[in-house]
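If you want the building blocks of each chain, they are given just below.
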Amino acid sequence: IKRVEILSALEESMPELPPVAPDVMGTLKTLGEIILYLQSETNSEIPGPESNRVISLEKKTPLLRLTPENLSDTVGRHLVVPTKKQLLAGDTIHLAAGGSILVLQDGSGLAEAVVESFTAQGADALLLSNHDFQKIVAGKSQLPETSGLVLLPPAGLLENRNENSVIIDTFLKDAFSITSMAAASLCKSAKKGDALFATVTRLDGIFGFGRNPLSAPSTGGLAGLVKTAAIEWEGVVCRAFDIAPQWNDNREIAACLVAELLTPNPADPVEIGMDKGSRNTLSLVSAACRP
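Residues numbered from 1 in each chain as written. Predicted model: local features only at pLDDT ≥ 70, side-chain atom pairs only at ≥ 80, totals over all residues. Heavy atoms only, no water.

**Q** How do you make sense of the overall build of the chain when you look at a structure like this?
**A** What the chain contains, in helices and strands, is 10 helices and 10 strands. Here the chain holds 291 residues, and 40% of them are scored as buried. Counting contacts in the chain only where the partners sit at least 6 residues apart, residues at least 24 apart contribute 72% of the total. A total accessible area of about 16,200 Å² is found for the chain, and carbon and sulfur atoms account for 55% of it. (Helix = DSSP H or I, 4+ residues; strand = E, 2+ residues; numbered from the N terminus. Buried < 20%, exposed > 50% of the residue type's maximum accessible area, 1.4 Å probe, protein only. Contact = heavy atoms within 4.5 Å. Areas by Shrake-Rupley, 256 points an atom, 1.4 Å probe, with all protein chains shown as cover.)

What follows is the structure in structure tokens.
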């Protein structure tokens, strides 16, 4: 997909380039191979590595080759940095009537604590057992009307540092399936009132940007699922939470999660990291390009 995007942009900016056939595109693995292919199709000279300039196909306009010396002037570079930030609560959302918040049981007791915390705040929340989750994913049971969906990976995956990649891959696929099934219901709820979608991982409390070994790092893929939904599902509150593994007070964690979801700050990013007594968001910080 990325190669298609690159070549499409290239063709728009340089319409004199020859088109690249789909069967050929799959064989071009690097930018160098793409350049060599285009040059072979146009009989253009191959620029030597000692040159800092590339001659265009018409050999009239010199195009600047990016080097460490000029890279910072032409391409922006940013680093992802965890930033401590306290919750500045927004307005309380009002979930649409006729649907429940489904919280996937994870086996650690956290899901039950989340349901209790939602209920204490007057929200209609239900625990979705792993058995029912599997039946829904397999198409043997219907997903009920939902105004919210909260997905937590099975605790067993998080406790085993020698993760079984097959099991985790299966869980991620199942999470994608049930999210797809819930999409219509959540978007419908968002039009009638409010709706929410969240995932909870336990990498290191800052989405893998710490220095400690990660337990079940593949579960971080859930955050990508939420970030995609945040773009596509208008009006649905979407949050990806990462909880520090050493924080084990389920009631405290649940209270923080529910507060984030029921009083979301629109200015916050999708990803929120949490540890006992601290909260982190991810920020982009400008940085100089390195040679």
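The discussion continues.
**Q** I'm lost on the sheet that holds strand β3 (residues 78-84) in this one. Help?
**A** Sheet strands pair via backbone hydrogen bonds, and the direction of the pair is either parallel or antiparallel. Judged by pairing direction, the sheet is mixed, and its 8 strands sit side by side in the order β3-β10-β9-β8-β7-β6-β4-β5 without closing on themselves. Since the sheet does not close on itself, it has two edges, and those belong to β3 and β5 (125-128), each with one partner. Put simply, the sheet's adjacent strands are angled 25 degrees from each other on average, direction ignored. Looking at chain direction, strand β8 (residues 236-243) and strand β9 (residues 271-275) are connected through 4 bridges and run parallel. Each bridged residue has a counterpart across the sheet, and for phenylalanine 241 the counterpart in β9 is isoleucine 272. The sheet contacts of helix α10 (residues 250-262) involve β6 (146-151), β7 (195-201), β8, β9 and β10 (278-286), and relative to β8 the element is tilted by about 155 degrees. (Pairing = 2+ DSSP bridges. Axes fitted to C-alpha atoms, helices over the stretch in contact; angles between N-to-C directions.)

**Q** What should I look at first to understand helix α5 (residues 110-120) in this one?
**A** Among all positions in α5, only Leu110, Ala111, Ala113, Val114, Val115, Ser117 and Phe118 are buried. Where α5 is buried, its residues meet β4 (100-104), β5, β6, β7 and α10. Trailing α5 by a residue or two, glycine 122 shows a phi angle of about 85 degrees, which is positive.

**Q** How should unusual backbone geometry be read in this particular structure?
**A** Unlike most non-glycine residues, phenylalanine 207 shows phi in positive territory, near 60 degrees. As for its position among the elements, phenylalanine 207 is in the loop between β7 and α9 (221-232). Take phenylalanine 207: its relative accessible area is 13%, and that puts it in the buried class.

**Q** Explain the environment of leucine 282 to me, please; I cannot follow it from the model alone.
**A** With respect to the helices and strands, leucine 282 occurs in strand β10. Sequence separation between leucine 282 and threonine 83 is 199 residues, and the spatial gap between their C-alpha atoms is 5.9 Å. Not counting the four nearest positions on each side in its chain, leucine 282 is found in contact with Val80, Val81, Pro82, Ile206, Phe207, Phe209, Pro269 and Glu271.

**Q** Sorry, what's going on with the pattern of salt bridges here?
**A** When their charged atoms lie close together, side chains carrying opposite charge are able to pair. Scanning the entire structure with this criterion turns up 6 salt bridges. Between aspartate 268 and lysine 85 there is a salt bridge whose closest N-O contact spans 3.1 Å. Within this pair, whereas aspartate 268 is found in the loop between α10 and β9, its partner lysine 85 is found in the loop between β3 and β4, the two being separated by 183 residues in sequence. In this structure aspartate 268 comes out as buried when scored by relative accessible area, which is 8%. Between arginine 279 and glutamate 260 there is a salt bridge, and its shortest N-O distance comes to 2.5 Å. With arginine 279 in strand β10 and glutamate 260 in helix α10, this pair connects stretches of sequence that are 19 residues apart. We note that arginine 279, like glutamate 260, is buried. (Salt bridge = Lys/Arg side-chain N within 4 Å of Asp/Glu carboxyl O.)

**Q** Where do I start with a nonpolar patch on the surface in this structure?
**A** A surface patch of nonpolar side chains, about 200 Å² in accessible area, is lined by Leu79, Val81 and Val285. Summarising the element assignment, valine 81 is placed in strand β3. Overall, valine 81 belongs to the partly exposed group, its relative accessible area being 31%. (Patch = residues over 30% accessible without salt bridge, like charges linked within 9 Å, V, L, I, M, F, W, Y side chains within 5 Å.)

**Q** Could you clarify how one ought to interpret the packing of aromatic side chains in this entry?
**A** One pair of aromatic rings is described through two measures. These are the centre distance and the angle between the planes. On inspection of all chains with the given rule, the structure shows 2 aromatic pairs. For the ring pair phenylalanine 133 and phenylalanine 171, a centre distance of 6.4 Å and an interplane angle of 45 degrees mean the geometry is tilted. Of this pair, phenylalanine 133 sits in helix α6 (residues 130-137) while phenylalanine 171 is found in helix α8 (residues 165-192), placing the two residues 38 residues apart along the sequence. No difference in accessibility class separates phenylalanine 133 from phenylalanine 171, as the two residues are buried. Ring centres 5.4 Å apart and planes at 50 degrees place the aromatic pair phenylalanine 197 and tryptophan 233 in the tilted group. Of this pair, phenylalanine 197 sits in strand β7 while tryptophan 233 sits in the loop between α9 and β8, placing them 36 residues apart in sequence. The class for phenylalanine 197 is buried, based on a relative accessible area of 0%. (Phe/Tyr/Trp six-rings, centres within 6.5 Å; stacked < 30°, edge-to-face > 60°.)

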